[in-house]
Amino acid sequence: MKRGIYSVLFVLVSQLLHAQIHTVQLFPSGSPMGLPIIHLKELNTLELHFDDFENKYKNYYYTIELLQIDGKPADYSSSEYLRGFPSNKVTKFEASSVSIQSYYHYQVNFPNADCAPKLSGVYNIKVYEEATPEKVVAQKTFYVTDDMVSVFATIEEPFDNNYTKTHQKVQFQVDAKNIPFFQERQVQCLVFQNQQIS
């Protein structure tokens, strides 16, 4: 029977866009296996890590972009969804010391004083070399939540024995009493198994 841990409203996108960039990771500070989620009410910190195998220091910058649910850029200016600057320098780095492959390791912790999201949604953080924002070398997707509703979910096996080993039924309720003039079409539900699109 194929079973998994289910997460609601999460899809993880990671792209390596340059051959020298490796080990791109994005996770909550202190939790390397955690999902990259920022809670607006807490503004917890995420860590972005990546390695450059070219073994020379480079001026890397990052930018944060709000996305639509389908992954396309949202039609907002960065000042509408970010506090601070839309483009910021990666300032934390170190050279490898005892490894066969020489490299530079870079790290960004955000939100920070230079950049913080204002709106909930799906975001990309993109890394690029100085003065070339169109040449993205790596990007990761993360999520910003504003816990205005409660979601209650249960997972059940189907009644039909032909499907009990391959299918599950997900039922959920959304308690939206804190949202004035709430309408059902405001809710989109995506279900993922083991952080993968199912």
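Okay, so let's go over this structure. (Residues numbered from 1 in each chain as written. Predicted model: local features only at pLDDT ≥ 70, side-chain atom pairs only at ≥ 80, totals over all residues. Heavy atoms only, no water.)

**Some words on the overall build of the protein chain**
Selection rule: Strands are runs of DSSP state E lasting at least two residues, helices are runs of H or I lasting at least four, and both sets are numbered from the N terminus onward. Whether a residue is buried, partly exposed or exposed follows from its accessible area with a 1.4 Å probe, protein chains only, as a fraction of its type maximum: under 20%, in between, or over 50%, in that order. Any pair of residues with heavy atoms lying within 4.5 Å of one another is described as a contacting pair. Note on areas: Shrake-Rupley with a 1.4 Å probe; residue coverage comes only from the protein chains shown.
Broken down by element type, the protein chain carries one helix and 17 strands. Counting all 198 residues of the protein chain, 31% fall into the buried class. Partitioning the intrachain contacts of the protein chain with sequence separation of at least 6 by distance along the chain shows that 67% fall at a separation of at least 24. Carbon together with sulfur atoms contributes 52% to the accessible area of the protein chain, which is approximately 12500 Å² in total.

**Describing a nonpolar patch on the surface**
Operational definition: Distance thresholds for patches are 9 Å for like charges and 5 Å for nonpolar side chains (Val, Leu, Ile, Met, Phe, Trp, Tyr), applied to residues having over 30% relative accessible area and no salt bridge. A side-chain nitrogen of Lys or Arg and a carboxyl oxygen of Asp or Glu constitute a salt bridge if their distance falls within 4 Å.
Residues Met148, Val149, Val151, Ile155, Val170, Phe172 and Val187 make up a contiguous nonpolar surface patch of roughly 500 Å² in combined accessible area. When residues of the nonpolar patch are traced back to their parent elements, those giving at least two are strand S14 (150-156) and strand S15 (169-175). With respect to the helices and strands, the residue Val151 is situated in strand S14. Judged by relative accessible area, Val151 falls into the partly exposed class, the value being 45%.

**Considerations on the environment of Gln20**
Considering the arrangement of structural elements, one finds Gln20 in the loop between strand S2 (14-16) and strand S3 (21-28). Put simply, Gln20 and Asp51 are 31 residues apart on the chain and 8.0 Å apart in space, counted from C-alpha to C-alpha. For Gln20, the residues in contact, after removing those within four places along its chain, are Asp51, Asp52, Phe53 and Glu54.

**Looking at the nonpolar core**
Selection criterion: Only buried Ala, Val, Leu, Ile, Met, Phe, Trp, Tyr and Cys residues count toward a nonpolar core, and they belong to the same one when joined by side-chain atoms within 4.5 Å.
One finds Ile64, Phe110 and Phe142 to be the most contacted residues of the largest nonpolar core, which totals 27 residues. Counting residues per element, the ones that place at least two in this core are S3, strand S5 (46-52), strand S6 (60-67), strand S10 (104-110), strand S12 (121-129) and strand S13 (136-145). Residue contacts for Phe142: discarding those within four places in its chain leaves Leu26, Pro36, Ile38, Leu46, Ile64, Phe110, Gly121, Val122, Tyr123, Asn124 and Ile125. Within the second largest apolar cluster, five residues are counted, among which are Leu35, Ile37, Val122 and Tyr143.

**What about the packing of aromatic side chains?**
Filter applied, for reference: A pair of aromatic rings is counted whenever rings of Phe, Tyr or Trp (Trp by its six-membered ring) have centres within 6.5 Å, and the orientation is called stacked for planes under 30 degrees apart, edge-to-face for over 60 and tilted otherwise.
On inspection of all chains with the given rule, the structure shows 15 aromatic pairs. A centroid spacing of 6.4 Å and a plane angle of 35° characterise the contact between Tyr62 and Phe110, whose relative ring orientation is tilted. On the criterion of sequence distance, the pair formed by Tyr62 in strand S6 and Phe110 in strand S10 is long-range, its members being 48 residues apart. For the residue pair Tyr62 and Phe110, the accessibility class agrees, reading buried in each case. Consider the rings of Phe93 and Tyr104, whose centres lie 6.3 Å apart with planes at 45°: the pair is tilted. With Phe93 in strand S9 (residues 92-95) and Tyr104 in strand S10, this pair connects stretches of sequence that are 11 residues apart.

**Things to note about the pairing of S5**
On any regular strand, side chains alternate: one points to one face of the sheet, the next to the other face. Worth spelling out the cut-off: We treat two strands as partners when DSSP finds at least two bridges between them.
The buried fraction of S5 is high, at seven of seven residues. The side-chain alternation of S5 yields two buried faces, one formed by Leu46, Leu48, Phe50 and Asp52 and the other by Glu47, His49 and Asp51. Inspection of the sheet shows S3 paired to S5 by six bridges, in the antiparallel sense. Across the sheet, residue His22 finds its bridge partner in S5, namely Asp51.

**Observations regarding the side chain of Asn124**
For clarity, the cut-off: Here a polar contact is taken to be a pair of N or O atoms separated by no more than 3.5 Å, where protein atoms must pair a possible hydrogen donor with a possible acceptor and residues adjacent in sequence count only if both atoms sit in side chains.
Here Asn124 is to be found in strand S12. Note on Asn124: relative accessible area 6%, which makes it buried. Polar side-chain contacts of Asn124 include one of 2.8 Å to the side chain of Thr141.

In short, geometric facts, not functional conclusions.
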